[in-house]
Amino acid sequence: MEPANREDASPWPRHGGQARALLARFGLPPDHSFEDFSANLNPLGPPGWVPAWLERHLSELSRYPDVDYVEARAAIAAHHGVSRDQVLVTNGGGEAIFLAAGLCAGGRAGVFAPTFSEYARALAGVGAEVREIAPADPLDDLDAVFLCRPNNPDGRLLPLSEVETLLARAAAVNCRLIVDEAFIDLTTDNADANALPARLATHPQLILLRSMTKFYTLPGLRLGYALASEALIAAMARRQPPWSVNQLAAGLTAPLLADTDFAARTHAWLAVERPRMQVALERRGLEVAPGETCFFLLRPNLEARRQGLDAEALLERLLRGGILARHTHGYAGLDGGWLRLALRDKDANNRLLKVLDDCLR
Ligand SMILES: Cc1ncc(COP(=O)(O)O)c(C=O)c1O
């Protein structure tokens, strides 16, 4: 078994946005200017109407939110075609991860490495044993498996047929399958974004976790949710602090989900910009991991690495050139050998390519 959380003892900053530590590490001044390609957020958001909406609703901060979040849950339930009691509104997808992990307290859970490190951290926090597993490994002595789809950090979208197989194998041994779909609305092929919610009716051991912070570019607001059977949602709700989601986030849920124009514009951007950047990055001598979402896992190709340009050297050159990438220390199986770069709007992406041209010269 691998250690549950490699990051605690690491000298590398835990989340991508911690630029200050990286600047200091590379001897750069704290006011060194850079563009942030380390956080994976929709560059089109937040939707243009959000600031005025927030201003109109500011006065609601002087009262408590509805502790049951009836309206927000109803909007999410209608969006996915499930019942309101199958929805738990959470303080970002992050809280949903910790509440799902809470169901495994004292048990054993599997994660597919490399993946988002918060699953292992949340599980370790409730005394669960964490195992790094491979797709073919038996599940019979596990209480739960966490699957990130599409996966952070490589962006890989496990085909639906393979999720179905995993679901059947998990059901056969009474193991829960917890699928984090934080980036599912930000995949190039969005056709099956509502496929797993539709499976909840027949798969009582399935839990889906969603984030609304990435697609709508509202990470500071904090908004996410979990979908599962009524029994599992009730069990997660028992562990959730009251009023965990603020009034503005809860109130924004329905209008955000109703903004189909924003969703369509986002999908149109992704369908063009992701393939364009994939080709441009590979042409510059980078090895790009197969993926289908709004970020790239990459490293200098073998030839460049043989000449001494590894991922860390590229991270430093990029930062000197004004681009902050996400290191992969703390991701089991990657251990710093790759970098993650967000897909941004066309102009920002072009600036990245220009800096890469200098770095890779
Ligand atoms: C895979 C994955 N799931 C969930 C989250 C949590 O997102 P939030 O809590 O902002 O909704 C993140 C954030 O980086 C993530 O990468």
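Right above here is the structure, for reference.
Residues numbered from 1 in each chain as written. Predicted model: local features only at pLDDT ≥ 70, side-chain atom pairs only at ≥ 80, totals over all residues. Heavy atoms only, no water.

**Student:** What am I meant to see in the overall build of the protein chain here?
**Tutor:** If you tally the helices and strands in the protein chain, you get 13 helices and 13 strands. Relative to the 2.2 N^0.38 estimate, which gives 21 Å for 361 residues, the radius of gyration of the protein chain is 20 Å and therefore close to what a compact globule would have. Each principal axis of the C-alpha distribution contributes one length, and for the protein chain these read about 55 × 50 × 35 Å. Here the protein chain holds 361 residues, and 53% of them are scored as buried. For the protein chain, contacts bridging at least 24 residues in sequence account for 72% of all contacts bridging at least 6. Carbon and sulfur atoms form 51% of the exposed surface of the protein chain, whose accessible area is close to 15400 Å². In the protein chain, 38 side chains carry a positive charge and 44 a negative one; their mean positions are 3 Å apart. (Helix = DSSP H or I, 4+ residues; strand = E, 2+ residues; numbered from the N terminus. Rg over C-alpha atoms; globule rule 2.2 N^0.38 Å. Buried < 20%, exposed > 50% of the residue type's maximum accessible area, 1.4 Å probe, protein only. Contact = heavy atoms within 4.5 Å. Areas by Shrake-Rupley, 256 points an atom, 1.4 Å probe, with all protein chains shown as cover. Lys, Arg positive; Asp, Glu negative; His and termini not counted. Charge placed at Lys NZ, Arg CZ, Asp CG, Glu CD.)

**Student:** I tried to follow the site of the ligand on my own but got confused; where do I start?
**Tutor:** Looking at the ligand, there are 15 residues lining it, with G93, G94, D180, S211 and R222 nearest. In the complex, 88% of the free accessible area of the ligand, which totals 400 Å², lies under the protein chains. Tallying contributions element by element places helix α4 (residues 92–102) first for the shell around the ligand, with four residues. Partitioning the shell around the ligand into residue classes produces six nonpolar, six polar and three charged. (Near = heavy atom within 4 Å. Nonpolar A, V, L, I, M, F, W, Y, C, P; charged D, E, K, R; others polar.)

**Student:** I tried to follow the side chain of E273 on my own but got confused; where do I start?
**Tutor:** Topologically, E273 is positioned in helix α10 (residues 260–283). Among the residues examined, E273 registers a relative accessible area of 3% and is labelled buried. When neighbours within four sequence positions are excluded, E273 is seen to be in contact with L343, R344, D345, K346 and N349.

**Student:** Whenever I open this one, the nonpolar core confuses me. Can you help?
**Tutor:** Considering soluble globular proteins, one finds that nonpolar side chains tend to be buried as a cluster. Within the largest apolar cluster, 83 residues are counted, with the highest numbers of intra-cluster contacts made by L177, L281 and L318. Both domains that furnish three or more residues to this core are identified here as domain 1 (19–45 + 262–359) and domain 2 (50–258). Residues in contact with L281, not counting those within four places in the same chain, are L286, V288, F296, L298, L353 and L356. The next biggest cluster of nonpolar side chains, apart from the first, holds 26 residues, and it includes I97, A100, A120 and A144. (Core = buried A, V, L, I, M, F, W, Y, C linked by side-chain atoms within 4.5 Å. Domains from an automatic or database assignment.)

**Student:** Honestly, the sheet that holds strand β9 (residues 286–288) in this entry has me stumped. Any pointers?
**Tutor:** Strand order in the open sheet made by the four strands is β9-β10-β13-β12, with antiparallel pairing throughout. Looking along the sheet, the strands with just one partner apiece sit at the ends: β9 and β12 (326–327). α10 contacts β9 and β10 (295–300) of the sheet and is inclined by roughly 5° relative to β10. (Pairing = 2+ DSSP bridges. Axes fitted to C-alpha atoms, helices over the stretch in contact; angles between N-to-C directions.)

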